[in-house]
Amino acid sequence: MKFLKKIKLASLLTVAATVSANAQGTQPVNADLNKNGKTEPYENISLPISQRVEDLLSRLSTEDKINLVLGTGMIGFEQITGFEAIDPPMEDKSFMLPGAAGSTYPLKKFGLPAVIMTDGPAGVRIMPTRKNSDKTFYATGFPTGISLASTWDQELTQQVGKALGDEALEYGSDIQLAPALNIMRNPLCGRNYEYFSEDPVVSGKIAAAITLGIQHKGVGVSLKHFAANNSERNRMGLNVHVSARTLREIYLRGFKIAVKESNPKTIMSSYNLINGTYTSADRGLLTDILRNEWGFKGLVMTDWFGGYSSGINLVNDGAISLKENYTAQQIHAGNDLIMPGTRMQIANLKADIKNGKLSEKDLDICVRRVLEMIFNSPKMQGYQYSDSPDLKAHALLTRQVAAEGMVLLKNEQKALPLNSLQKNLAIFGSISYKMIAGGTGSGDVNKAYTVSLIQGLENAGYSINGKLDNIYRKFVEKEESDLKTKLNKDPFMLIPLMPQPQLKESLIRESANTCDAAIITIGRSSGEMEDRPLEGDYYLTQDEHNLINNVSEVFHQAGKKVIVIVNTGGIIETTGWSDKADAVLFSWLPGQEGGNSIADVISGKVNPSGKLAMTIPVKYEDLSTARNFQGTPIDKPTDITYSEGVYVGYRYFDTFNIKPAYEFGYGLSYTTFSFSNIKISSENFKEELYITVNVKNTGNTAGKEVAQLYLSAPKGAIDKPEKELKAFIKTKLLQPGETQTVYFRLSPKDLASFNEQQCSWIADGGTYKVLIGNSSRGIQQTSSFTLSDDRIIEKVNNVIIPDIKFTDLRP
Ligand code: BGC
């Protein structure tokens, strides 16, 4: 019961807020002011925003300022959250953006609108229907983060960002709470589907691309969750113990890249603590590192009811205990906006200012950033949104991108693509009939439809074995309706695994005789607030094993191929069953067009070019984080120690010589590529270095390849991973025989590791090996250069040091 309460409460925090917004678009701030015929500087749109902000700031009372740093949202959930969230003072409550996650507090007397924030990484999360309206407000269900990252294509991801930004803009949102770029530290994290990679360079580059896209017409992003939110259990009360080196090299690096390359408007601090301090109250993280070192100019907001700010604490079995008030500490830390604020916090902040716990100066710094965000928002600038984004165009893009993110792991004797004679298919696995387009929680999107695999294949002209179709459809329908009943009772439960119907062997045999090939889909749903279990999730269930065994035995006897599609938001174990399949395709959670996208790959309309953004181990225990992912105590973790240090993912497998099932960066194509003619601009590194390599399509089908550049650094004062990804480039579509020369640039920071003793990024003098190929273990071209002496690249602040004693893993 308590457990259920925890799920419900935390879920409500993510899904059900309704915030105010002017559905027609707000007039520019100066339009309805000037009541006394005078334009104040803050109203004057010809002045720079910074000047207007300063003017307005000077006119605000302390009460106004407090209102501005406490956002709104979650109204109506007092009985569950335990306190009154702030209700915006809108005269006309019919002006709403239902389903948005929150907003800033509107100050009507100064013409400040409520700036609206919507989730999430895979689409604009709003309610699809509204009272008294026949119109629908569906949003595109884009491919999830894991799918986007697997494209390794920054240009294409930027296009997705643009479409997502346009949709947010046209539905009247100002800030899209995306992208989510926490590191996939372990495959069991429930939110990996929203994240990108085990590697910070992939995470940072993909996040930067999406950010550039979303922000292109003025909607802002919120990079989240800053930082080290790498598991979901007890996420609001989990203390992550991590060394300064590991934090900087692995968990902060992607954020740093995205901040530097794409100038995000906002960042969301995470729920967890790092080394004893909530991230939202950590001045070292939010001011010393983020602003002073990286030059971040935007606003930081909390995750919803994050940190001890609002006094909410789910550590105790989901029971809400009001804790000490730390809002002042968050403001001092540089967490500008508390999302959403509560009535209790208004009173607390007033008292804190009075008793000197919070200085007006600190408050002003945050208010200034809130005002800058508001002034720069589409709403404030009077954007007239249409409520009619181009859903058709976005669906086409979704279909294309999802296909480009699919990773072909196995393709024996060219089982795929199906040839023109293989038109009759036997389709197995419940999920073939019920595609999982996205994950659960705040990252879920209210989309108009999802194309199932069956529909996708039928659209592509395949015929599906009718008897199987009949059995599965009935089975899935029944399961779905049972699920609906359960969901009605508890609308926030995670979607349980879809079971498999029992099939008679004679039916499988009959389908093998009449069909040209078999396709089996294995699917998993996952989401916020829970991590995935090992049994029956990471590992296949016995029913799923039986299905793969039985189908492959019968189809292989009949001389027919078996293709397994994996429709999941993360990796699953493959070694125990992949030898039974001729082809294995990871489709991830591919968004609303999923079935069409898979059919495009199966038919060969799209040549797969996705690559794994994470390692698939032979067995779970091979992971460096297998032993400590759960945290302690096991049943309700309050502490977790990242004692594997920087050896996460391929950094661990390659340094410690452990053979994975499929390595980081791996993915097959229907054609083949060769890499040749590596050239390096100099053998001695001075300030930068250029490297070129030729990528040639050596097969018979047009296709794209990902050129991945890894560096192997010399041993210096500290241990280093065997190799680390520094850059990657996706080629254009290369015709058979065509060659593309790709260019890489290395800068000093690419050579550096973080030296804790010296609190600096240091590039050690010596020889650096350059390794280029199409996976972390598929190196095809090598070269080297030397750096004459050790070089301090950047001296940084000695902050966020561990609060307990532990040693990082070393080779
Ligand atoms: C999630 C965030 C989300 C927020 C608002 C939180 O529970 O962690 O990712 O943006 O809710 O819905």
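Residues numbered from 1 in each chain as written. Predicted model: local features only at pLDDT ≥ 70, side-chain atom pairs only at ≥ 80, totals over all residues. Heavy atoms only, no water.

### Observations regarding the overall build of the protein chain
Tallying secondary structure elements over the protein chain gives 22 helices and 28 strands in all. Against the compact-globule benchmark of 28 Å for 811 residues, the protein chain has a radius of gyration of 26 Å, which places it among compact chains. Its C-alpha atoms put the protein chain at 85 × 70 × 50 Å along the principal axes. A buried classification covers 65% of the 811 residues belonging to the protein chain. Surface summary for the protein chain: the accessible area is close to 28,500 Å², and the carbon and sulfur share equals 50%. Within the protein chain, the 89 negative side-chain charges are centred at a point lying 1 Å from the centre of the 88 positive side-chain charges. (Helix = DSSP H or I, 4+ residues; strand = E, 2+ residues; numbered from the N terminus. Rg over C-alpha atoms; globule rule 2.2 N^0.38 Å. Buried < 20%, exposed > 50% of the residue type's maximum accessible area, 1.4 Å probe, protein only. Areas by Shrake-Rupley, 256 points an atom, 1.4 Å probe, with all protein chains shown as cover. Lys, Arg positive; Asp, Glu negative; His and termini not counted. Charge placed at Lys NZ, Arg CZ, Asp CG, Glu CD.)

### Observations concerning the packing of helix α2 (residues 49-59) against helix α13 (residues 360-375)
Closest axis-to-axis distance for the α2/α13 pair is 10 Å, and the angle between their directions is 130°. Accordingly, the angle class assigned to the pair α2 and α13 is oblique. In the crossing of α2 with α13, the sense of the turn from one axis to the other is right-handed. Seen from α2, the contacting residues are I49, R52, V53, E54, L56 and L57; seen from α13, they are D364, V367, R368, L371, E372 and F375. Residue composition of the contact of α2 with α13, by class: 7 nonpolar, no polar and 5 charged. (Axes fitted to C-alpha atoms, helices over the stretch in contact; angles between N-to-C directions. Parallel < 35°, antiparallel > 145°, perpendicular 65-115°, else oblique. Left-handed = near helix turned anticlockwise from the far one by under 90°. Contact = heavy atoms within 4.5 Å. Nonpolar A, V, L, I, M, F, W, Y, C, P; charged D, E, K, R; others polar.)

### Structural notes on the packing of helix α6 (residues 154-170) against helix α7 (residues 200-214)
Closest axis-to-axis distance for the α6/α7 pair is 6 Å, and the angle between their directions is 40°. Between α6 and α7, the interaxial angle falls into the category oblique. The element α6 and its partner α7 pack so that their crossing is right-handed. Facing Q154, T157, Q158, G161, K162, L164 and G165 of α6, the residues of α7 in contact are K205, I206, A209, I210, L212, G213 and I214. Here the residues of the contact of α6 with α7 sort into 6 nonpolar, 6 polar and 2 charged.

### Overview of the environment of L751
Inspection of the secondary structure assignment puts L751 in helix α22 (residues 748-751). Excluding residues within four positions of it along the chain, L751 makes contact with F685, L711, I762, A763, Y768, F785 and L787.

### With respect to the domain arrangement of the protein chain
Domain parsing of the protein chain yields domain 1 (60-381), domain 2 (392-614) and domain 3 (671-795). The C-alpha centroid of domain 3 is placed 34 Å from the C-alpha centroid of domain 1. In this assembly, 16 residues from domain 1 lie in contact with 17 residues from domain 3. Here domain 1 meets domain 3 over a buried area of about 1,600 Å², counting both sides, of which 53% is carbon and sulfur. Three residues, W152, R245 and R253, lead the burial of domain 1 against domain 3; their summed loss comes to 41% of the area buried on that side. Where domain 1 packs against domain 3, one counts 2 salt bridges. Two residues, E794 and K256, come together in a salt bridge whose shortest N-O distance is 3.3 Å. The tally of links from domain 1 across to domain 3 stands at 7 residue pairs in polar contact (both at pLDDT 80 or more). Among the elements of the structure, α7, α8 (244-251) and α9 (253-262) are those that each provide at least two residues to the side of domain 1 that touches domain 3. (Domains from an automatic or database assignment. Buried area = accessible area lost by both parts, 1.4 Å probe. Salt bridge = Lys/Arg side-chain N within 4 Å of Asp/Glu carboxyl O. Polar contact = N/O pair within 3.5 Å; in protein donor to acceptor, adjacent residues only side chain to side chain.)

### Some remarks on the pairing of strand β26 (residues 766-773)
With 5 bridges connecting them, strand β21 (residues 706-712) and β26 associate as antiparallel partners. Bridging across to β26, Q708 finds its partner in G773. (Pairing = 2+ DSSP bridges.)

### A look at the UniProt feature "domain: Fibronectin type III-like" (unreviewed entry) in the protein chain
As recorded in UniProt, the feature "domain: Fibronectin type III-like" (unreviewed entry) lies at residues 705-776. End-to-end, the C-alpha atoms of residues 705-776 are 14 Å apart, and along that stretch the chain is 6% helix and 51% strand. (UniProt positions renumbered as here; feature names shortened; annotations may be inferred.)

### Regarding the sheet that holds strand β4 (residues 116-119)
Read across the open sheet, the 6 strands follow the order β3-β4-β5-β6-β8-β11; overall the sheet is mixed. Because the sheet does not close on itself, it has two edges, and the strands there are β3 (102-103) and β11 (299-301). The pairing of strand β5 (residues 175-177) with strand β6 (residues 220-226) spans 2 bridges and is classified as parallel. Across the sheet, the residue bridging to I175 is G220, located in β6. Taken strand by strand, α13 contacts β4, β5, β8 (266-269) and β11, and its axis lies near 105° from that of β11.

### What to know about helix α16 (residues 466-489)
If you check α16, its first and last C-alpha atoms are 35 Å apart, about what 24 residues at 1.5 Å a residue would give, namely 34 Å. Every buried residue of α16 is accounted for by L468, D469, Y472, V476 and L483. Each element contacted by the buried residues of α16 is listed here: β13 (424-428), α15 (453-459), β14 (463-464), α17 (505-514) and α19 (542-557). Two or three places before K467, at the start of α16, stands the capping residue N465, its side-chain oxygen 3.1 Å from that residue's backbone nitrogen. (Expected span 1.5 Å × (residues − 1).)

### Section: the packing of aromatic side chains
Throughout the structure, instances matching the rule amount to 21 aromatic pairs. Ring geometry for Y652 and F656: centres 4.8 Å apart, planes at 35°, overall tilted. Y652 gets classed as buried once you look at its relative accessible area, which sits at 10%. Summarising the aromatic geometry, the rings of F754 and W761 are spaced 5.6 Å apart at their centres and angled 70° between planes, so their arrangement reads as edge-to-face. These aromatic residues form a ring-pair network of at least three members: W152, Y650, F664, Y710 and F728. (Phe/Tyr/Trp six-rings, centres within 6.5 Å; stacked < 30°, edge-to-face > 60°.)

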